[in-house]
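# Coordinates in review
Single-letter residue listing:
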Amino acid sequence: MLNSSEFLRQMAEKYPEFWNRVVADHIKYMMFGRGHDFLHAVIVAQYGVLIAPDENTSRMAWFAGMLHNIDRMIGRQRAGTITVIARDCLGLVPDLKEKEIPMIIGAVLNHWRLNEPDDSPVLVVLKDADRLGNLTPFHPARSVQHMTERLGGHVVVDPRFVAKKADTEYGNNPTTMDDLQACLEWEPMLRLPKAQEIGRPMFDFLRQMLEMEQQRLDETGILANVGLLGPYFNEAYTHLKK
Ligand SMILES: [Fe+2]
């Protein structure tokens, strides 16, 4: 069985230039105090290793996980620049095979998309690992960081979304409630058995958090009268998005 702490230490020691470059890029692009920081990159890389179906895929998925925040640094639409930065970083890994590099970069470029049947093995791992990496007991804190960065402001609890996700596009409602609901939709998206196993208790925990909040709003009589608060929240969002 893989020793994940030993693996991480070995990779950092074996590829110090790669490791230091990824750290430096996260500092350069101020990737801290935000939802997708260096810790997130390392967690996703490590989950990739834990859930990959074989050793070779797991190694490529580790590099892809370490690099997958590049789109958050410079913007998802800048595929050419993401490719250049990823290629630069991978150039610091001397024993990577030339044919492995396009598969790693392809995963970095496409990890945010929904599952596709023709996803490469590395992309399948990265998509599942990224979903696992976004699940944490501190989800509300990360959510505030992420939604504030994205939309300029955040409402932690909007009682309208405690029992169900909004019908609007993800991110249109800058609230932890809706963000949590969106996270729960990832559970059936996980494709790798090991990812499903690792994710299950965390999804259960997040569901329990929502249920407890729902209970709180129910016992205070707010849930049954949620429509009364709607105009207040709608107005609040227009101010947050300014
Ligand atoms: Fe991510």
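Conventions adopted
- Residues numbered from 1 in each chain as written.
- Predicted model: local features only at pLDDT ≥ 70, side-chain atom pairs only at ≥ 80, totals over all residues.
- Helix = DSSP H or I, 4+ residues; strand = E, 2+ residues; numbered from the N terminus.
- Contact = placed C-beta atoms within 7 Å.
- Domains from an automatic or database assignment.
- Axes fitted to C-alpha atoms, helices over the stretch in contact; angles between N-to-C directions.
- Parallel < 35°, antiparallel > 145°, perpendicular 65-115°, else oblique.
- Left-handed = near helix turned anticlockwise from the far one by under 90°.
- Nonpolar A, V, L, I, M, F, W, Y, C, P; charged D, E, K, R; others polar.
- Core = buried A, V, L, I, M, F, W, Y, C linked by C-beta atoms within 7 Å.
- Buried ≥ 20, exposed ≤ 12 C-beta atoms within 10 Å, placed from the backbone.
- Expected span 1.5 Å × (residues − 1).
- Bend = angle between axes of the 7 residues up to and from the residue.
- Arc of directions from axis to C-beta.

## Description of the overall build of the protein
Within the protein, the regular secondary structure consists of twelve helices and zero strands. In sequence order, the protein lays out its α and β elements as α-α-α-α-α-α-α-α-α-α-α-α. Its C-alpha atoms give the protein principal-axis dimensions of about 60 × 40 × 30 Å. Restricting the contact set of the protein to residue pairs at least 6 apart, pairs at least 24 apart contribute 61%.

## Looking at the domain arrangement of the protein
Looking at the assigned domains, one finds that the protein contains domain 1 (4-113) and domain 2 (139-240). Across the boundary between the two partners, domain 1 contributes six residues, which contact eight residues of domain 2.

## So, the packing of helix α3 (residues 38-51) against helix α4 (residues 55-67)
Relative to each other, α3 and α4 sit at 165°, their axes nearing to 7 Å. The orientation of α3 with respect to α4, classified from their angle, is roughly antiparallel. When the axes of α3 and α4 are compared, the crossing they make is right-handed. Between α3 and α4, the contacting residues are A41, V44, A45, G48 and V49 on the first element and S58, A61, W62, A64, G65 and M66 on the second. Of the residues that constitute the contact of α3 with α4, the class distribution is eight nonpolar, three polar and no charged.

## A look at unusual backbone geometry
Excluding glycine, residues mostly have negative phi values, and the peptide bonds linking residues are mostly trans. One non-glycine residue with positive phi stands out, namely M30, at about 55°. Within the secondary structure layout, M30 lies in the loop between α2 (16-28) and α3.

## Here we look at the nonpolar core
Nonpolar side chains in soluble globular proteins tend to be buried together. Formed by 47 residues in total, the largest nonpolar core has its most connected members in A61 and A64. Broken down by secondary-structure element, the contributors of at least two residues to this core are α2, α3, α4, α6 (79-90), α7 (100-110), α8 (121-133), α10 (176-184) and α11 (193-219). Top element by residues in this core is α3. It accounts for eight residues. Residues lining this core come from more than one domain, with at least three contributed by each of domain 1 (4-113) and domain 2 (139-240). Contact partners of A61, with chain neighbours within four places excluded, come to G48, V49, A52, V122, V125, L126 and A129.

## Quick notes on α11
Helix length check: α11, at 27 residues, gives a terminal C-alpha distance of 39 Å against a target of 39 Å (1.5 Å per residue), a fit within 8%. Roughly 35° is the biggest bend found in α11, and it falls at G199, with proline P201 one to four residues downstream. Among the residues making up α11, those that are buried are A195, G199 and L206. As for α11, its buried residues are in contact with α3, α8, α9 (139-151) and α10. A positive phi of about 80° marks G221, the residue just after α11.

## Topic: the packing of α6 against α7
At a minimum axis separation of 10 Å, α6 and α7 run at an interaxial angle of 135°. In terms of axis orientation, α6 runs oblique to α7. The handedness of the crossing between α6 and α7 is right-handed. Of the residues in α7, those in contact with A79, I82, T83, A86, R87 and L90 of α6 are I101, I104, I105, V108 and L109. A class-by-class count of the residues in the contact of α6 with α7 yields nine nonpolar, one polar and one charged.

## Concerning the environment of K97
With respect to the secondary-structure elements, K97 resides in the loop between α6 and α7. Considering only alpha carbons, one finds K97 and V122, 25 residues apart in sequence, at a separation of 15 Å.

## Quick look at α6
The terminal C-alpha atoms of α6 lie 16 Å apart, and with twelve residues this matches the ideal 16 Å at 1.5 Å per residue to within 8%. Here α6 has its buried residues at I82, I85, A86, C89 and L90. The arc that holds the buried residues of α6, viewed along the axis, is 135°, so those residues lie on one side. For α6, the exposed residues set more than 90 degrees away from the buried face come down to G80 and D88. Lining the buried residues of α6 we find α2, α4, α5 (70-74) and α7.

## A few points about the environment of M202
Tracing the chain through its elements places M202 in helix α11. In this structure the C-alpha to C-alpha distance between M202 and F138, which are 64 residues apart in sequence, comes to 11 Å.

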